[in-house]
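Close look at the chain arrangement
Listed below are the residues making up each chain.
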Amino acid sequence: MTFKASDVTLPDLYEASIVELQNGLVKGHFTSVQLVKAYLNRIEEVNSKGPALHAVIETNPIALSQAAALDDERKGKGSRGPLHGIPLLLKDNIATLHEEGSYALLGSVVPRDAFAAAQLREAGAIFIGKSNLSEWSGMRGEWGRLKGQVPNGLSERGGQTFSPYYPNAHPSSSSSGSGVAMAIGLAAGSLGSDTHGSIVFPSSRNNIVGIKPTIGLVSRSGVIPISSHQDTVGPMCRSVTDAALLLNFMAGPDPRDEVTLRQPGLVPDYMKALDKNALKGARLGVPRSFIPNTKVIEETFNSSLDVFRALGAEIVDPADFPDTEELLTSKAEKRVLDVDFKVDLNKYLSELVDVPTGVKTLAALIEFSEKRAELNLPPPFYNDQSQFKQSEASQVDDAYFSALAEDFDLGRTRGIDATLAQFNLDAIILPSEHAPGPAAIAGYPLISVPLGFQPDDIELLPVTPSSVYTQAPGLPFGIAFMGTAYSEFKLIGYAYAFEQATHVRLQRKAYEDAIPRTQLTDIMSQL
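Here's a quick rundown of the structure. These figures come from a predicted structure and were not determined experimentally.

Turning next to the overall build of the chain. Broken down by element type, the chain carries 17 helices and 15 strands. Taking 527 residues into account, the globule formula puts the C-alpha radius of gyration at 24 Å, and the chain, at 22 Å, falls close to it. Its C-alpha atoms give the chain principal-axis dimensions of about 65 × 60 × 50 Å. Here the chain holds 527 residues, and 60% of them are scored as buried. Pairs at least 24 apart in sequence give 78% of the contacts found in the chain among residues at least 6 apart. Split by element, the accessible area of the chain, about 19,800 Å² in all, is 52% carbon and sulfur.

If you want it as structure tokens, here you go:
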């Protein structure tokens, strides 16, 4: 859909691409100030009012002045490039001015912008706000539980994020605010972070594209950590094109993140990977052992295999990992993350310029939370600091190093790399819901693209009263593309070809009340 302003056709902000918006800015159809105003109004409509999706923790109070400066720069000096004056959202653990969804770091002063944010800002992007998240990226309470534990998408400052595809539906995983915001057009693009599914899961659940890059492609400096061995930052957008564009500006070496200095040569131009014919001749493997009997998702995924074949790909099915059973039962990742969270968080906190609350260690964070437990989170969640405490009790010891070696062996050597070699594959595909594990412990890339939606007659779960529904009619799900280290260019090509052949995203929109009404025409018609 498009909208008319005089004789100019304007993009619908529900779906507008970065390329469309930049084209309008270049032609003078609208300004960055008008674009920022439109997105801020859209956030106000649905964030705490109406459906109260709680996708955004805070908006940037100087976003309009930054937009005005970039408009003036465009007139005086010309454009910086494709991101000049484009409004984006950042997950709230990515440093600019304020930190995290917890009051423990409210008002803290960071030494500098996160590297990824600095790269985008230099390219002319405007950060109009911070998106909501699972508090401490899900590392506060016991993992994966909803009964009496801290749900995903819930933070003290931001409240509970909800998916816009069904009222009170679970948004899935830590970067939930970025996923929800992209689903309904609250910004042109966004960034999330991922340790084990936190980009891929909410991208799948909210019907958008998410790229989890190889560890080392995008710097993590300035991002509140969980694990230096698994953390990464990646784009979450409405299309593969937009995600590839943001990745172009985010990727590259950073002396403050040593692993990025080991990148293999120059970072490619990911926009050149956008080829509708990329799947011709590709061999794609399906690791069936990772796909449980989830009827609708499995059936839709199986149907998609014919799409791949029609696009010229050869499907190897099954192409199971040789170490499948060990991967599914290993406890090594949990031990690694327990230790890494303590070590990496303490390092991050120690480098902050100022923390008004005095929280400079994980131990101090636990103490802070205990003293104000009744103010922290709504019951019954405020009592749970189980993961904090497990991490604080952990140690860098022989068992830790053994677990780390096991992760790399299971995820890389005998996992993804062995499977690619054994079946002579270019990539691995499977439903996004079941994809993150091997890539997480390997540090390898994943891309999620929309695949389908739950049917209208599916049972609403849980049946008992809950703050969020984990299964509901119309909830989206995605398909994931997995490869070896630094195979993003190839995976982006495959994802783009599939996306362009299927156009799943607009087959179903968010529920009516969750769709903001403000468009550029509304802002431009104001005196």
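A few words now on the pattern of salt bridges. One pass over the full model with this rule turns up 21 salt bridges. The salt bridge involving Arg80 is made with Glu73; its shortest N-O contact spans 2.7 Å. Assessed through its relative accessible area of 40%, Arg80 is described here as partly exposed. Among the salt bridges present, the one from Arg288 reaches Asp317, with a minimum N-O distance of 2.9 Å. Of this pair, Arg288 sits in the loop between strand E11 (283-285) and helix H8 (295-310) while Asp317 is found in the loop between strand E12 (314-316) and helix H9 (324-329), placing the two residues 29 residues apart along the sequence. Classification of Arg288 as partly exposed rests on a relative accessible area of 21%. Through salt bridges that share partners, Glu58, Asp92, Lys130 and Arg157 make up one connected network.

For the second largest pocket, the calculated volume is near 860 Å³. Listed by contribution, the elements that provide at least two residues to the lining of the second largest pocket are helix H10 (332-350) and helix H14 (398-422). No other element matches H10, which puts three residues into the lining of the second largest pocket. Among the residues forming the lining of the second largest pocket, the class breakdown is 14 nonpolar, seven polar and 11 charged.

Omega for the peptide link from Asp317 to Pro318 comes to 5°, which places this bond in the cis form. Here Pro318 shows up in the loop between E12 and H9. Residue Pro462 is bonded to the preceding Leu461 through a cis peptide linkage, with omega at -5°. Here Pro462 shows up in the loop between strand E14 (446-453) and strand E15 (476-482). Located in the positive-phi region is Ala52, a residue other than glycine, with phi close to 50°. With respect to the helices, strands and loops of the structure, Ala52 is situated in the loop between helix H2 (32-46) and strand E3 (56-59).

Okay, helix H4 (residues 115-122) next. Among the residues of H4, those classed as buried are Phe115, Ala116, Ala117 and Leu120. At its buried positions, H4 is contacted by strand E4 (87-91), strand E5 (126-131), strand E8 (189-194), strand E10 (232-237) and helix H7 (240-250). Positioned one or two residues after H4, Gly124 has a phi angle of 105°, which is positive.

Let us look at the sheet that holds E8. Within the open sheet, the 11 strands sit side by side as E3-E5-E4-E8-E10-E9-E14-E15-E13-E11-E12. Their pairing is mixed. Only two strands of the sheet have a single partner each, and these edge strands are E3 and E12. Averaged over all pairs of adjacent strands, the angle between their axes in this sheet comes to 30°, without regard to strand direction. Two strands pair when backbone bridges link them, and E8 and E10 are joined in this way by five bridges, in the antiparallel orientation. Across the sheet, Gly192 pairs through a bridge with Gly234, a residue of E10. Strands in contact with helix H5 (residues 176-183) are E4, E5, E8 and E10; relative to E8, the strand with the most contacts, it is inclined by about 155°.

Every buried residue belonging to helix H13 (residues 386-393) is among Gln387, Phe388 and Ser391, and all of these are buried. Mapping the buried residues of H13 onto a view down its axis gives an arc of 105°, with all of them on the same face. In this structure, the buried residues of H13 make contact with H10 and helix H11 (362-371).

Another point: empty space enclosed by the protein. Summed over all chains, the structure comprises one cavity of 30 Å³ or more. As a volume, the largest cavity reaches approximately 70 Å³. Along its surface, the largest cavity is lined by 13 residues, and Asn93, Ser193, Thr195, Ile224 and Asp231 are the ones closest to its centre. Breaking the lining of the largest cavity down by element, the ones donating at least two residues are E8 and E10. Along the lines of polarity and charge, the residues of the lining of the largest cavity split into five nonpolar, five polar and three charged.

Okay, the packing of aromatic side chains next. Within the structure shown, the criterion is met by nine aromatic pairs. With centroids separated by 6.4 Å and ring planes inclined at 40°, the aromatic side chains of Tyr165 and Phe453 adopt a geometry described as tilted. Remark: Phe453 occurs in strand E14 and Tyr165 occurs in the loop between strand E7 (159-160) and H5; sequence separation between them is 288 residues. Here Tyr165 falls in the buried class, since its relative accessible area comes to 4%. Ring geometry for Phe308 versus Phe498: centroids 4.9 Å apart, planes at 15°, classification stacked. Pair noted here: Phe308 is in helix H8 and Phe498 is in helix H16 (residues 488-502), with a separation of 190 residues, a long-range link. Judged by its relative accessible area of 1%, Phe498 is buried. Feature note: the residues Trp136, Phe341 and Phe388 constitute an aromatic cluster, connected by ring pairs. Of note, Lys509 hangs over the ring of Tyr14, and the distance from its end group to the ring centre comes to 4.7 Å.

The rules behind these values
- Residues numbered from 1 in each chain as written.
- Predicted model: local features only at pLDDT ≥ 70, side-chain atom pairs only at ≥ 80, totals over all residues.
- Heavy atoms only, no water.
- Helix = DSSP H or I, 4+ residues; strand = E, 2+ residues; numbered from the N terminus.
- Rg over C-alpha atoms; globule rule 2.2 N^0.38 Å.
- Buried < 20%, exposed > 50% of the residue type's maximum accessible area, 1.4 Å probe, protein only.
- Contact = heavy atoms within 4.5 Å.
- Areas by Shrake-Rupley, 256 points an atom, 1.4 Å probe, with all protein chains shown as cover.
- Salt bridge = Lys/Arg side-chain N within 4 Å of Asp/Glu carboxyl O.
- 1 Å grid on protein atoms, 1.4 Å probe; cavity = no way out; pocket = protein on both sides within 12 Å on 5 of 7 lines; lining within 4 Å.
- Points joined across faces, edges and corners; volume = space filled by probe spheres on them.
- Nonpolar A, V, L, I, M, F, W, Y, C, P; charged D, E, K, R; others polar.
- Pairing = 2+ DSSP bridges.
- Axes fitted to C-alpha atoms, helices over the stretch in contact; angles between N-to-C directions.
- Arc of directions from axis to C-beta.
- Phe/Tyr/Trp six-rings, centres within 6.5 Å; stacked < 30°, edge-to-face > 60°.
- Lys NZ or Arg CZ within 6 Å of the ring centre and 35° of its normal.

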